[in-house]
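# Residue-level structure breakdown
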Amino acid sequence: MKLLKRIYFSMQMLHRYHHTLASIVKNTPPLQQLYQISPVTLKKQGVAVLVLDFDGVLAADGASQPVEELHQWLHDCINIFGADNLFVLSNKPLVSRIQYFNQHYAGVRYITGVKKKPYPDGLHKIMALTGQASTSVMLVDDRLLTGVLAACIANVHVTYITKAYVCWSQRPIQEFFFMSLRFLEHHMLRWYGFWGASHRG
Ligand SMILES: [Mg+2]
């Protein structure tokens with residue numbers, strides 16, 4: 001029942017924000033990954049609070065820890081933003097992940113006990129915890145109809161990851177499922193973009 005409600009909410013919000021989402025798709029380079037984004041540049045652009053999705057952004061779906069190549073990037077973020085201003089907002093708040101963060105990235109908070117994205121509740125909780133306005137918050141996410149849509153609803157900045165981490169050898173069925181979802185979302189929004197442009201033009 002919760003899943004159906006969430007799907008219905010997503011469809012309503014997709015209808016409301018499809019122009020914004022289509023413009024994000026149009027303006028995001030293909031194959032964009034987290035390590036290519038400079039924390040220093042984000043800070044200079046006015047981002048005070050950085051919120052990271054986990055699956056696809058920090059590691060392949062279902063992994064319990066971020067990939068090795070992001071460890072230094074995460075420590076750079078802690079130095080630049082402060083651990084208090086760094087959050088993980090995932091629809092899968094696994095205990096193993098929370099423990100890993102507590103052990104290796106002390107002070108970074110993994111948000112739990114909120115309605116899953118695209119509900120904006122997790123982002124609202126982060127704004128309440130930090131006291132920061134939505135315009136100072138950025139979410140990094142690889143899913144248009146969950147994270148990116150939640151960011152649109154909460155009016156926070158968003159970076160869309162177009163090259164998600166995958167691990168075909170460990171979880172081929174799940175990876176195929178999520179790859180198909182990402183493909184459908186991305187191309188549906190591209191179509192929305194073209195449709196919007198042709199009707200405006
Ligand atoms: Mg994800």
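We now turn to the structure provided with this report.

### As for helix α5 (residues 121–130)
Three or more residues of α5 are buried, namely G122, L123, I126 and M127. Taken end-on, α5 shows its buried residues confined to a sector of 140°, consistent with a single buried face. Taken together, the buried residues of α5 touch β1 (49–52), β2 (86–88), β4 (137–141) and α6 (144–154). Following α5 by one or two positions, G131 adopts a phi angle in the positive range, close to 75°.

### Focus on the coordination of the magnesium ion
Protein coordination at the magnesium ion comes from D53 (OD), D55 (O) and D142 (OD), with a distance range of 2.0 to 2.2 Å. Using a relative accessible area of 11% as the deciding quantity, one classes D55 as buried.

### So, unusual backbone geometry
Between K117 and P118 the backbone carries a cis peptide bond, its omega angle lying at 20°. When you line up the elements, P118 lands in the loop between β3 (109–110) and α5.

### Description of the environment of N79
Position of N79 relative to the elements: it lies in helix α3 (residues 71–81). Residue N79 is classed as exposed on the basis of its relative accessible area, which comes to 63%. Considered as a pair, N79 and A151 are 72 residues apart in the sequence and their alpha carbons are 24 Å apart.

Basis of the calculations
- Residues numbered from 1 in each chain as written.
- Predicted model: local features only at pLDDT ≥ 70, side-chain atom pairs only at ≥ 80, totals over all residues.
- Heavy atoms only, no water.
- Buried < 20%, exposed > 50% of the residue type's maximum accessible area, 1.4 Å probe, protein only.
- Helix = DSSP H or I, 4+ residues; strand = E, 2+ residues; numbered from the N terminus.
- Arc of directions from axis to C-beta.
- Contact = heavy atoms within 4.5 Å.
- Donors = N, O, S within 2.8 Å, 3.2 Å for Na, K, Ca; no water.

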